[in-house]
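# Residue-level structure breakdown
Here's the letter readout for the chains.
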Amino acid sequence: MNPFFFGDSKAPLFGVYLAPRVAVARDSAVVICPATAPDYARSVDAMHALAQAIADAGHHVLCFDYHATGSSAGEIGPGQLLRWLRNVDTAIREAAALSGATRLSVLGIRLGGLLAATAVSTINAPIHRLVLLDAVVSGKEYVRWIRNLRPKYFWPLTRYRVSAWQLSPFGYPPDLVSSLCYLDLRSEWQQFALVRSRFVCAGRSADQALLEEHLGRKLVRKAAASAAGDFSWESRLAANMQLPANCVIGPVLAALEEGS
Amino acid sequence: MSTFATRFGRRLHLCGLVTLPAGHSLDPALVVVSIGPVPTPGPGRVFVSLANLASRHGMAALRFGVEPRAARASDDSAMLDILDALGHAGELGCGSSFVVLAAGDVARHVLLAAVSDGRVSGVMLPGEPGISDARLPDGRILRACSPSLPQVPDAALSSPVADEWAGQCIGWIRSNVASRGTAVEVGT
């Protein structure tokens, strides 16, 4: 495990690189695009467990935080979505340089999945496999869900005299919200990325239904039933629940290594 | 102001992020303890705001995460990790005395570490007023804390909320630690 900063020196991204277990090392690097608030806190433990499992299986792994989130530098501001999409590109290039691997894959979790698919579609990165773990399908629906989360559940914000968006639980500014609404995994220009995508569904969410409706149930790879039975991304009461790592490790590895 | 990542601990199993001020570091340095995930100090953006603000006030800051309770090897391991962090911050030249801020279920471990390490000059346990007079296992009572500080906001992105909370923390250090010398008192 090697924590470090990379990318633009004025606003460096925080990353954690995990070298592959030597005995089974492969010519493969996996970039993990994390979830964002509010899903980040619920999936971050599982993300790191997944990262370790993927490294143990012989892949180079790079986890990173998007600009102005987690431990990366910067402040949320105009053009945020574009920055995040560029961050995915930067992380892919960093992983390629760090590992020397020729086979690059991306694992996107929740909104990270939608961002990864969008980034891969737009930058045409030479990605071998895109694995989408409980990916957000519709940015519009996702924004609607975030708006419905009650601030008081997370933090008593009402005493602050700030803009309305800053009172939302996660402080998404208006232009980020509006640009997120344009992202949709089902849109035509995403098909390029979807061809190389594999889907892993662990928790219950409306996105799963949207995905199955769009792609057909057979194309959606199901994770362990135990996870689907007791974990929901969309339950307000479940905000402190964690995405269980053990039930997604197997399906994620299978998706990454399919055909290799 | 610069931030770099560092690894430390008995098995180099901890990851910390150190933010240094542009000039010389002034005492006390700030050590922020959050609960895992271990590779990063935690998802809260508020600690980035706090470290940056501390830096602007001339204080170095080390933030790191201890393992979640279920993953800890023993009840003592969190306290040992905190002591390791204090030692590492000292080695890095962050300062010669420390204010420790703890979030999550490590409040008791921080208090024990504060008693064990004489360089701790203040302890902040935001949103934990019940711990302001903590009874240690040996019967002593530790008066060390900051019950007036509000709990850590769950701000995952940079926001005025995070900045204001960080400002309150720095203000508490200014008025309770820097001026009084020490906020850690052990009585019976």
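Okay, so let's go over this structure. Model, not experiment: these values are computed from the prediction.

Quick look at the pattern of salt bridges now. Considering all chains together, one arrives at nine salt bridges over all chains under this definition. Residue A:Arg26 is joined to A:Glu257 by a salt bridge in which the shortest nitrogen-to-oxygen separation is 3.2 Å. Pair noted here: A:Arg26 is in the loop between strand 2 (13-18) and strand 3 (28-33) and A:Glu257 is in helix 11 (residues 246-257), with a separation of 231 residues, a long-range link. Between A:Arg198 and A:Glu258 there is a salt bridge, and its shortest N-O distance comes to 2.7 Å. Within this pair, whereas A:Arg198 is found in strand 7 (residues 197-201), its partner A:Glu258 is found in the segment after helix 11, the two being separated by 60 residues in sequence. Taken together, the shared-partner salt bridges in this structure form one network comprising B:Arg10, B:Asp81 and B:Asp84.

Residue and element names in this part refer to chain B. Judged by pairing direction, the sheet is mixed, and its six strands sit side by side in the order 1-2-4-3-5-6 without closing on themselves. Each of the sheet's edge strands pairs with one partner strand only, and the pair in question is strand 1 (2-8) and strand 6 (120-124). Ignoring which end each strand starts from, the neighbouring axes of this sheet average 20 degrees apart. For strand 3 (residues 29-35) and strand 5 (residues 98-102), the ladder comprises five bridges, and the chain directions are parallel. Looking across to strand 5, one finds that valine 31 is bridged to valine 100. On top of the sheet, helix 2 (residues 77-91) reaches strand 1, strand 2 (14-20), strand 3, strand 4 (61-66), strand 5 and strand 6; it is set at about 155 degrees to strand 4, its chief contact. Helix 3 (residues 107-116) rests against strand 3, strand 5 and strand 6 of the sheet, and its axis sits at about 170 degrees to strand 6.

Glancing now at the nonpolar core. All names here are of chain A. Counting 50 residues, the largest nonpolar core has Phe64, Val106, Leu111, Leu115, Tyr172, Leu180 and Leu185 as the members making the most contacts within it. Once residues within four sequence positions are removed from consideration, leucine 111 is found in contact with Thr36, Trp84, Val136, Tyr142, Tyr172 and Leu180. Membership of the second largest hydrophobic core comes to 34 residues, among which are Leu18, Ala46, Ala55 and Ile109.

Residue and element names in this part refer to chain B. Buried residues dominate strand 2, accounting for six of its seven residues. Judged from the seven bridges that link them, strand 1 and strand 2 form a sheet pairing that is antiparallel. Among the inter-strand pairings, phenylalanine 4 is bridged to a residue of strand 2, identified as valine 18. From the end of strand 1 to the start of strand 2, which pair antiparallel, there are five residues, and glycine 9 there has a positive phi angle of about 105 degrees. Where strand 2 meets strand 4, four bridges bridge the pair, whose relative direction is antiparallel. Residue valine 18 lies in a different strand from strand 4, and its bridge partner there is leucine 62.

Let us look at unusual backbone geometry. Of note, the bond from B:Asp27 into B:Pro28 is cis; its omega dihedral lies within 30 degrees of zero at -5 degrees. With respect to the helices and strands, the residue B:Pro28 is situated in the loop between strand 2 and strand 3. One non-glycine residue, A:Asp134, lies in the positive phi region at around 45 degrees. Mapped onto the secondary structure, A:Asp134 falls in the loop between strand 6 (127-133) and helix 4 (139-148).

Time to look at the packing of helix 2 (residues 80-99) of chain A against helix 3 (residues 111-123) of chain A. Residues and elements named next belong to chain A. Here helix 2 crosses helix 3 at 75 degrees, and the two axes come no closer than 9 Å. It follows that helix 2 is roughly perpendicular to helix 3 by the angle criterion. Of the residues in helix 3, those touching helix 2 at Leu81, Trp84, Leu85, Val88 and Asp89 are Leu111, Leu115, Ala116, Thr118, Ala119 and Ile123. Taken together, the residues of the contact of helix 2 with helix 3 sort by class into nine nonpolar, one polar and one charged.

All names here are of chain A. Relative to each other, helix 1 (residues 39-56) and helix 11 sit at 50 degrees, their axes nearing to 10 Å. By the angle between their axes, helix 1 is oblique relative to helix 11. For the pair helix 1 and helix 11, the crossing hand works out as right-handed. Contact residues: Ala49, Leu50, Ala53 and Ile54 in helix 1; Val248, Ile249, Val252, Leu253 and Leu256 in helix 11.

Right, let's talk about the environment of A:Ser205 for a bit. All names here are of chain A. For serine 205, the position within the fold is in the loop between strand 7 and helix 9 (206-215). A relative accessible area of 14% places serine 205 in the buried class. Distance from serine 205 to leucine 85, taken between C-alpha atoms, is 24 Å for residues 120 residues apart in sequence.

Residues and elements named next belong to chain A. For the structure shown, the criterion picks out six aromatic pairs over all chains. A centroid spacing of 5.3 Å and a plane angle of 80 degrees characterise the contact between phenylalanine 64 and tyrosine 66, whose relative ring orientation is edge-to-face. Across the pair, tyrosine 66 and phenylalanine 64 agree in class, each one buried. Among the aromatic residues, those joined into a ring-pair cluster are Phe64, Tyr66 and Trp84.

Cut-off values and rules
Residues numbered from 1 in each chain as written. Chains lettered and ligands numbered in written order. Predicted model: local features only at pLDDT ≥ 70, side-chain atom pairs only at ≥ 80, totals over all residues. Heavy atoms only, no water. Salt bridge = Lys/Arg side-chain N within 4 Å of Asp/Glu carboxyl O. Helix = DSSP H or I, 4+ residues; strand = E, 2+ residues; numbered from the N terminus. Pairing = 2+ DSSP bridges. Axes fitted to C-alpha atoms, helices over the stretch in contact; angles between N-to-C directions. Contact = heavy atoms within 4.5 Å. Core = buried A, V, L, I, M, F, W, Y, C linked by side-chain atoms within 4.5 Å. Buried < 20%, exposed > 50% of the residue type's maximum accessible area, 1.4 Å probe, protein only. Parallel < 35°, antiparallel > 145°, perpendicular 65-115°, else oblique. Nonpolar A, V, L, I, M, F, W, Y, C, P; charged D, E, K, R; others polar. Left-handed = near helix turned anticlockwise from the far one by under 90°. Phe/Tyr/Trp six-rings, centres within 6.5 Å; stacked < 30°, edge-to-face > 60°.

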